[in-house]
Amino acid sequence: MSTIAQKILAKHAGLEEAIPGEIVKADIDFAFMPALTAALAFHAMYDMDIKKVFDPKKVTILLDHIAPATNITNATLHKECREIAKEQNLETFYDINSGVCHQIIPENGHVYPGMLMVGADSHTCTHGAFGAFTTGIGSTDMGAAIGTGKLWFKVPETIKIQAEGSLSRRVMSKDVILNAAKQLGADGATYCALEFRGSTISEMSIGARMTLCNMAIEVGGKAGICMPDQKTFKFLEGRVKNEYTPVYSDKDAVYKKTVEIDGMHLEPQVACPHAVDNVKPVTDVAGTKINQVFIGSCTNGRLEDLQVAADILEGEKISKDVRVITTPASPEVYKAANKAGIITALMDAGAVLCNPSCSVCFGGNHGILAPGEVSLSTSNRNFRGRQGSTEAFVYLSSPATAAASALYGVITDPREV
Amino acid sequence: MKGKAWKYGDDINTDFILPGIYLELTDPKEIGKHAMEGIDPSFVGKVQPGDVIIGGRNFGLGSSREQAPIALKYSGVSAVIAESFARIFYRNAANLGLPALECPNVSKEIKTGDTVEVDIEAGKIIVNGEKELEFVPVPPFMMEILEAGGLREYIKQNRAKW
Ligand code: SF4
């Protein structure tokens, strides 16, 4: 009678069953921290009178949010992270040449079905795409997790997102999750796990499923999970070194509620300023003038995302009134895109290519918006001030909508290009 | 805990509480100098030790940055009372020993400038010395963490049973 979320928590807490609402103490399989939260987590661990991490193989630090360093303060933070990694003998450490944490973690085999993983970043829910329970925590929780290998969790109820039918041309998984956000609202899944089910999801690539799970937090979700299948196992082959046992929700599992999505008739969706649940069909906002397009981030910076953008932009020129910033999520993605001719197609169309990192997504790096400017971004958050000025406007969309809009300098329905 | 109320609306996100550009700071006192800057740049100039933040629904949504509750705590804020909280913020605040209290309708019952007294043990909030509001009881395990002064102290004291 349990969902995958309950089963994974029960297993890691040494229990037969984990009941929603109950607080359990569970063993952590892996913990990761971006630089911006890592130093604080280690300070917390030291404050707990713990000197060494519980297992140097199961803890890693990644320098992804600001990479390379852009000023002396973050250079100093990077330096501290490198020193901590050495001193703690961490088996892996991902420096500024590695890409966005949520891309690096699966590519390097740290995530596998049935595991319990925590990350000091809210979008850690991304990794539920592999049938794992993975959730974002703050630095003090992280200090406890890396110091003791354990953490407490309130067992969540699960909301099922049931999506049926094949998506139309140029409609992407981003449109599915934006539609779910509209239906649920920005706090509609607070403290809950989201489970993505149905034929739309089975047909999706691993990357597309990562986009879904990535945005579970945008509706307040603690985790976003897809059932593992052959695609999952194939992606993980040669990456994951340890044995693992996939876990699945029981047929009679109890859900808090079910949100239905008609995949076949879904239109491209756009989240309008300044809330992720302020979602409209692209046709409602088509014609809105934009100044900047960002294609990248842990939501949509993967090969298939760049591919769809290149399909639209190849042989064309972006509008003179728009700048396009493209940031592949990792070197693996960048190299594959380069090999496929995607990078050349995007640059020929007039896009700027940045090094794998969080890039424009959170306004701490580059691509900052001026007051009054409008951005169309493939990332996951459009809070006021997220990408620079608090007087700027951020719209969120799929890479297909972003690329089509880049051509005309206004929000454009990608099915029309 | 007693202080003045500073009221903000629904969906006060972590970028409002501490904008991303300050994430590279690690000294809590420095972080505290930028509390609420994303929505109210004048906040740090007016907040006094002991003051209380009042929020509407979904307070603290967004990133996992503990710098958000750190900023509030080191700006002098003694508690955050809201109608509901985003999950990570709620945990982070308790872990720092900063009470995050859920109180239905609080944004209707309290206005900026009111004097607010929080009695955690009794589960009560007293407004301007007269009106009493009840908050949703803090789960016992979180109460233990708050009583210890945060998760760091709690683990130090309870390492054996953790
Ligand atoms: S790409 Fe954006 S959302 Fe993703 S981890 Fe980086 S800053 Fe966070």
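Please read all numbers here as calculations on a predicted model, not as lab measurements.

*Asks:* Looking at this model, I keep getting lost on the nonpolar core. Mind explaining?
*Replies:* The nonpolar side chains of a soluble globular protein tend to be buried, and buried together. Within the largest apolar cluster, 113 residues are counted, with the highest numbers of intra-cluster contacts made by Met33(A), Met142(A), Phe59(B), Leu72(B) and Ile81(B). A total of 9 residues in this core trace back to one element, the largest contributor, which is helix α2 (residues 35-47) of chain A. Here this core gathers at least three residues from each of two domains, domain 1 (4-261) and domain 2 (268-416) of chain A. Among residues more than four places away in sequence, those in contact with Met142(A) are Ala31(A), Phe32(A), Met33(A), Ala41(A), Val118(A), Gly119(A), Ala120(A) and Ile137(A).

*Asks:* Just to check I follow, could you spell out the confidence of the model for chain B for this structure?
*Replies:* One rule of thumb: low pLDDT means the predicted coordinates there are not for detailed reading. When pLDDT is averaged along chain B, the result is 94; 100% of the residues meet or exceed 70. Both confidence scores are given for the complex: pTM 0.95, ipTM 0.90.

*Asks:* Please explain empty space enclosed by the protein as it appears in this structure.
*Replies:* Where empty space is left becomes clear once a probe the size of a water molecule has been rolled over the atoms. Residue and element names in this part refer to chain A. In the structure shown here, the tally under the stated rule is 4 cavities of 30 Å³ or more. The computed volume of the largest cavity comes to approximately 270 Å³. Breaking the lining of the largest cavity down by element, the ones donating at least two residues are α2, α4 (101-107) and α11 (297-300). Here the residues of the lining of the largest cavity are counted per class, giving 10 nonpolar, 9 polar and 5 charged. When residues are assigned to domains, the lining of the largest cavity turns out to be shared by domain 1 (4-261) and domain 2 (268-416), each giving three or more.

*Asks:* Mind showing me how you'd approach the pairing of strand β8 (residues 193-197) of chain A here?
*Replies:* Sheet faces and side chains relate simply in a regular strand, where the side chains alternate between the two faces. Residue and element names in this part refer to chain A. A large share of β8 lies buried, amounting to 4 of its 5 residues. In this structure, strand β7 (residues 158-164) lies alongside β8, joined through 5 bridges in parallel fashion. Note on β8: the bridge partner recorded for Thr158 is Ala193.

*Asks:* Can you help me understand the site of the ligand in this one?
*Replies:* All names here are of chain A. The immediate surroundings of the ligand are formed by His65, Val100, His102, Asp121, His123, Ser297, Cys298, Cys358, Cys361, Phe362, Asn380 and Arg386. One can see that the ligand is located within the largest cavity. For the shell around the ligand, a count of residues per class yields 5 nonpolar, 5 polar and 2 charged. Residue assignment places the shell around the ligand across two domains, with domain 1 (4-261) and domain 2 (268-416) each supplying three or more.

*Asks:* Just checking my understanding: could you explain a negative patch on the surface for this structure?
*Replies:* Residues Glu117(B), Asp119(B), Glu121(B) and Glu147(B) make up a contiguous surface patch of negative charge. The residue Glu117(B) is located in strand β5 (residues 115-119) in this model.

Procedures and definitions
- Residues numbered from 1 in each chain as written.
- Chains lettered and ligands numbered in written order.
- Predicted model: local features only at pLDDT ≥ 70, side-chain atom pairs only at ≥ 80, totals over all residues.
- Heavy atoms only, no water.
- Core = buried A, V, L, I, M, F, W, Y, C linked by side-chain atoms within 4.5 Å.
- Buried < 20%, exposed > 50% of the residue type's maximum accessible area, 1.4 Å probe, protein only.
- Helix = DSSP H or I, 4+ residues; strand = E, 2+ residues; numbered from the N terminus.
- Domains from an automatic or database assignment.
- Contact = heavy atoms within 4.5 Å.
- pLDDT = per-residue confidence, 0-100.
- 1 Å grid on protein atoms, 1.4 Å probe; cavity = no way out; pocket = protein on both sides within 12 Å on 5 of 7 lines; lining within 4 Å.
- Points joined across faces, edges and corners; volume = space filled by probe spheres on them.
- Nonpolar A, V, L, I, M, F, W, Y, C, P; charged D, E, K, R; others polar.
- Pairing = 2+ DSSP bridges.
- Near = heavy atom within 4 Å.
- Sits in = over half its atoms within 2 Å of the grid points.
- Patch = residues over 30% accessible without salt bridge, like charges linked within 9 Å, V, L, I, M, F, W, Y side chains within 5 Å.
- Areas by Shrake-Rupley, 256 points an atom, 1.4 Å probe, with all protein chains shown as cover.
- Salt bridge = Lys/Arg side-chain N within 4 Å of Asp/Glu carboxyl O.
- Lys, Arg positive; Asp, Glu negative; His and termini not counted.
- Charge placed at Lys NZ, Arg CZ, Asp CG, Glu CD.

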